[in-house]
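Here are the chains, one letter per residue:
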Amino acid sequence: MKAEIFLPDDYRPAEDEPFMNERQVEYFRRKLIAWRNDLLDESKTTIEGLQDGTRNIPDVADRASEETDRALELRTRDRQRKLVAKIEQALRRIEEGEYGYCEATGEPISLKRLDARPIATLSLEAQEKHERREKVHRDD
């Protein structure tokens, strides 16, 4: 078992540190875990709300509105379920020592990008290239 790494509450990864040093890795690991826990808590709340919210609403318009709200909530939760899977993949990359490096080029992903999107697997340049390629090959 690894020793816990001390990380001050105000710590932010900086460009002048060695890339993906222990503190940076721990910072992103904690950020990913907190994000995953928040999403899972929201999912539990949704499930409880859907279970408690089953009721007979006599007004057709109100019933339709509630069904629309439920469908929207379920779509949101499905997106979040996929996001949790991506967070799990990022945590695995941390464990394997691959986190923070572009899957396409092997180059480091910028700390600003990782801080904004900790599940990023491509550098900004590789992501833009990927999106341009997708746009060209998309079936319209």
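Please read all numbers here as calculations on a predicted model, not as lab measurements.

A. Geometry of the overall build of the protein. For the protein, the count of helices and strands is four helices and zero strands. In the protein, the succession of helices and strands from N to C terminus is α-α-α-α. In terms of overall dimensions, the protein is more spread out than a globule: its C-alpha atoms have a radius of gyration of 20 Å, far above the 14 Å expected for 140 residues. Counting every position in the protein, which comprises 140 residues, the buried fraction comes to 29%. When the accessible surface of the protein is summed, it comes to about 10,400 Å², and 50% of that surface belongs to carbon and sulfur atoms. Mean positive and mean negative side-chain charge positions of the protein (27 and 33 charges, respectively) differ by 3 Å.

B. Layout of the nonpolar core. Among the nonpolar cores identified, the biggest contains 22 residues, and M20, F28, L32, I87, Y99, L114 and I119 are the most heavily contacted of them. It is helix α2 (residues 60–96) that contributes the most residues to this core, six residues altogether. Apart from the residues lying within four places of it in its own chain, the contact partners of Y99 are M20, F28, L32, A90, R93, I94, L114 and P118.

C. View of the packing of aromatic side chains. Scanning the model with the defined rule gives four aromatic pairs in all. A centroid spacing of 5.1 Å and a plane angle of 85 degrees characterise the contact between F19 and Y101, whose relative ring orientation is edge-to-face. In this pair, F19 sits in the segment before α1 (22–52) while Y101 sits in the loop between α2 and α3 (111–116), placing the two residues 82 residues apart along the sequence. Taken together, the ring pairs connect Y11, Y27, F28 and Y99 into an aromatic cluster.

D. Examining the environment of A90 more closely. With respect to the helices and strands, A90 occurs in helix α2. The class for A90 is buried, based on a relative accessible area of 0%. Placed 61 residues apart in sequence, A90 and R29 show a C-alpha to C-alpha distance of 8.5 Å. With residues up to four places along the chain from it excluded, the contact list for A90 reads L32, Y99, P118 and I119.

E. Spatial organisation of the pattern of salt bridges. The final tally for this structure, using the stated rule, is eight salt bridges. Close ionic contact of K31 with D115 constitutes a salt bridge, the shortest N to O distance being 2.7 Å. Within this pair, whereas K31 is found in helix α1, its partner D115 is found in helix α3, the two being separated by 84 residues in sequence. K82 is paired through a salt bridge with D78; the nearest N and O atoms lie 3.6 Å apart. Of the two residues, K82 and D78 both sit in helix α2, four residues apart, roughly one turn of that helix. If you follow the salt bridges from partner to partner, you end up with E26, R29 and R30 in one network.

F. Representation of the environment of E17 within the structure. Structurally, the position occupied by E17 is in the segment before α1. In sequence terms E17 and L7 are 10 residues apart; their C-alpha atoms lie 14 Å from each other. In this structure, E17 is in contact with Y11, R12 and Q24, ignoring residues within four places of it in sequence.

G. How the structure looks around a negative patch on the surface. Judged by side-chain charge, E95, E96, E98 and E103 come together as a negatively charged surface patch. Relative to the helices and strands, E98 resides in the loop between α2 and α3.

What counts and how
- Residues numbered from 1 in each chain as written.
- Predicted model: local features only at pLDDT ≥ 70, side-chain atom pairs only at ≥ 80, totals over all residues.
- Heavy atoms only, no water.
- Helix = DSSP H or I, 4+ residues; strand = E, 2+ residues; numbered from the N terminus.
- Rg over C-alpha atoms; globule rule 2.2 N^0.38 Å.
- Buried < 20%, exposed > 50% of the residue type's maximum accessible area, 1.4 Å probe, protein only.
- Areas by Shrake-Rupley, 256 points an atom, 1.4 Å probe, with all protein chains shown as cover.
- Lys, Arg positive; Asp, Glu negative; His and termini not counted.
- Charge placed at Lys NZ, Arg CZ, Asp CG, Glu CD.
- Core = buried A, V, L, I, M, F, W, Y, C linked by side-chain atoms within 4.5 Å.
- Contact = heavy atoms within 4.5 Å.
- Phe/Tyr/Trp six-rings, centres within 6.5 Å; stacked < 30°, edge-to-face > 60°.
- Salt bridge = Lys/Arg side-chain N within 4 Å of Asp/Glu carboxyl O.
- Patch = residues over 30% accessible without salt bridge, like charges linked within 9 Å, V, L, I, M, F, W, Y side chains within 5 Å.

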